[in-house]
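# Notes for the structure review
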Amino acid sequence: MNDAPPPDARPNHPWGPMPEGRGGETVRITTPDLRRRAAIEKSRGRLVAVAGVFVLLFLAVAGKLADATLISPLKPAPRVVEHFDSAPVAVPPPPPGRAAIIDANGQILAVSLPVASLYADPRQMIDTDTVAQALKRVLPDINEPEIAKRLASAKAFVYIARTVTPAQQFAINNLGVPGLSFQMSAVRRYPLGDTAAQILGGVDVDGDGVAGVEKFFNTRLNTDTTPLRLSIDVRVQAILRDEVSAAVKQFTAIGGCGIVQDANDGRVLGMVSIPDFDANDLGSADPAARFNRCATGTYEPGSVFKLQTASMALDDNVIHLWDSFNTTHPIPIGRFHITDFEPKHYWMQLPDIMRFSSNIGASRISVLIGKDRQRDWLKKLGLLSREPIELPEAALPQTQPASAWGKATVMTVSFGNGIAETPLHISNTAVAIVNGGTLYPPTLLAAEPGDPPRTGTTVMQPSTSDTMRKLMRLIVVDGTGNFGEVPGYFVGAKTGTAQKVAAHGGYVKHTNYSSYVAAFPIYAPRYVVYIAIDSGHATAETHGFTTGGWMAGPAVSHTIARIGPMLNVMPRFTDVDAINAELAIATHINAPPGVTPLGPDNPGEPDDVAAADKPARKESHLGRAKVADSVPAPSMVASTLRHDAMYRVPLTAAADAAH
């Protein structure tokens, strides 16, 4: 049994016995305790006040953000650069990435891809040789001694490599070298390589265009990210390149060119110049490959120019189809003679002059046309000025000035000599000749949805165009252009052969610029195709000939057969007789009753037309006398024969030595 006293019986408690009826201890609060409690209460109050202030600040900031972003959003202010000698100048934001270039169907021709450029701050470098060795292991193409030299310079910024792959960038970061940094940029790439290389051109290291459409549209490509859509169809371009390249190889020519245009609006679907180059490596391309033979090269066009002579004579009613012209013998002109490649020795009407490509007949017609009318016609069709195509390299034709445009010039120009034009000039004027007489500025831009039809200039009567289509069909059916025929496509064409001009003056024997221009289907033309072979060599298949019909005609035929179905122009084998009847033109046409035609009894001009114009004998610009044999004497150099200096295509070293 526990005899301990109860809890309230504690006489020895230091505070004495607990009062009656109390169950706990009495706590005394001292002055220090009160001070401590007061300080705690004061701190608590301050914390509450500070929290309240923060709540108010937060609400104010939230309200300001809501006002700035939702209620009254502010436009970003332009960046300002302070100049010590001028007022603040607003700096525009950086330009967008360079726009892509695509073909008419959306195929990418040129695109800018993001890349990293490696640069360094040499001031942060310690052991530059070691860093250069490490970088060489990651970037095997760099020049290690040169990089070490750059890293040891006192500059704050030096380039190490302009294009670094992601894997190389990762490896360089892992080196842990201070002072190495990356700058993001873009590199221009051409996925199709040599396709349309001369058209596209290229850019420099800063991404600015230096040639082709890249240069022509440089500002647009750098400020508008919308892809630039060209009228070029890569399918047509590839086929055209294939055929021109094959012909150049077959005839061991120094080059060739090809053009395909829409006959109804002048848009260029294909433009090929051989040799060409990989557009991704413009800087290393040979000058002859970079040269655009279609738009930059100027050549004496040869007999394709008879399309102009016939058109202007018919359109101005200078001649009629029933008129005949004396082609029985050459025409003396200065020390030379205008002759025909295959002389027929009879009085020819225009259909025979065209299908046999008579230089004599064209010359006699040109005398009736005259200087002023001839120049006015050439000017109207753009043959005395640059073609307004979107290529900065487009060349100006080379022609005699008006003051020197005498009868000899009139006659030689009539069959495409004594004047130098680009192939684009020949192709584009053929568009107008076959489409009813409307000349369109050639363009490389595709039609966009909603665009109005292109407007052109009427340059001849529709009736003239109708007659010219019949004459062009006759040339293919029963003339020099038979190698361009394609069953079902009713091709109409004109051949051209011009001797090449030598660099030292005069012409190069047995070296021709051979061309062929065609339209299909000629009864309702859709497309014009032009192909030229430069300095081709005869083969057994050509029987020793290097004329336009043999050299370029087959390539045109193959091109039409391949691109026709692709462009939704199918060969037609129905109503063939009716179409042929519509296109038919007689080779001999009787004059209407009561009309006296030009002919043996009414020549209309002297038999020796050049001799009738004595000053013409003194002119230096005499034109080509004969396809094969007549070459100006060595003493007649380029400085005295204007047309002898018209060939301006860069040659490779081997080709230059060969010629």
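Residues numbered from 1 in each chain as written. Predicted model: local features only at pLDDT ≥ 70, side-chain atom pairs only at ≥ 80, totals over all residues. Heavy atoms only, no water.

## Let's talk about the overall build of the protein
- A tally of helices and strands in the protein yields 20 helices and 20 strands.
- Within the span of the protein, comprising 659 residues, buried residues form 49% of the whole.
- Considering only residue pairs separated by 6 or more positions, the protein has 72% of its internal contacts joining residues 24 or more positions apart.
- Approximately 31,600 Å² of the protein is accessible, and the part contributed by carbon and sulfur atoms is 57%. (Helix = DSSP H or I, 4+ residues; strand = E, 2+ residues; numbered from the N terminus. Buried < 20%, exposed > 50% of the residue type's maximum accessible area, 1.4 Å probe, protein only. Contact = heavy atoms within 4.5 Å. Areas by Shrake-Rupley, 256 points an atom, 1.4 Å probe, with all protein chains shown as cover.)

## A few points about the pattern of salt bridges
- Scanning the entire structure with this criterion turns up 19 salt bridges.
- Among the ionic pairs, D534 bridges to K500, the shortest N-O distance being 2.8 Å. Of this pair, D534 sits in strand β20 (residues 527-534) while K500 sits in strand β18 (residues 492-501), and the two are 34 residues apart along the sequence.
- With a closest N to O distance of 3.1 Å, D575 and R572 form a salt bridge.
- Judged by its relative accessible area of 30%, R572 falls in the partly exposed class.
- Ionic contacts of the salt-bridge type, sharing partners, join the residues R98, R188 and E214 into one network. (Salt bridge = Lys/Arg side-chain N within 4 Å of Asp/Glu carboxyl O.)

## A short note on the environment of D278
- Counting through the fold element by element, D278 comes out in the loop between β11 (268-274) and α9 (287-290).
- Overall, the relative accessible area of 38% leaves D278 in the partly exposed class.
- Taking the C-alpha atoms as reference points, D278 and Q198, separated by 80 residues in sequence, lie 9.6 Å from one another.
- Every residue in contact with D278, bar those within four places of it in the chain, is listed here: G193 and D194.
- In terms of polar contacts, D278 uses its side chain to reach the backbone amide nitrogen of N280, at 2.9 Å. (Polar contact = N/O pair within 3.5 Å; in protein donor to acceptor, adjacent residues only side chain to side chain.)

## A look at the packing of aromatic side chains
- Applying the stated rule across the entire model yields 10 aromatic pairs.
- Summarising the aromatic geometry, the rings of F216 and F217 are spaced 5.0 Å apart at their centres and angled 70 degrees between planes, so their arrangement reads as edge-to-face.
- Accessibility expressed as a relative area gives 12% for F217, which makes it buried.
- Ring geometry for Y489 and F520: centres 5.7 Å apart, planes at 85 degrees, overall edge-to-face. Placement of the pair is Y489 in the loop between α16 (462-478) and β18 and F520 in strand β19 (residues 507-520), with a sequence separation of 31 residues.
- For F520, a relative accessible area of 0% gives the class buried.
- What links up through ring pairs into an aromatic cluster is the set F341, F483, F545 and W550.
- A cation over a ring is seen here: R162 above Y159, with NZ or CZ 4.4 Å from the ring centre.
- Sitting over the ring of W405, R375 keeps its end group 4.7 Å from the ring centre. (Phe/Tyr/Trp six-rings, centres within 6.5 Å; stacked < 30°, edge-to-face > 60°. Lys NZ or Arg CZ within 6 Å of the ring centre and 35° of its normal.)

## Here's the deal with the confidence of the model for the protein
- Looking at the protein as a whole, the pLDDT averages 85, with 83% of positions reaching at least 70.
- Note that residues 76-92 has pLDDT below 50 and, in this model, 11 contacts with residues that lie over four places away or in other chains.
- This model gives residues 614-659 a pLDDT under 50, and the stretch forms 118 contacts once residues within four places in sequence are excluded. (pLDDT = per-residue confidence, 0-100.)

## Re the state of the cysteines
- One pass over the full model with this rule turns up 0 disulfides.
- As a non-bridged cysteine, C257 has C294 as the owner of its nearest cysteine sulfur, 4.0 Å distant.
- For C257, a relative accessible area of 1% gives the class buried.
- Using a relative accessible area of 0% as the deciding quantity, one classes C294 as buried. (Disulfide = S-S within 2.5 Å.)

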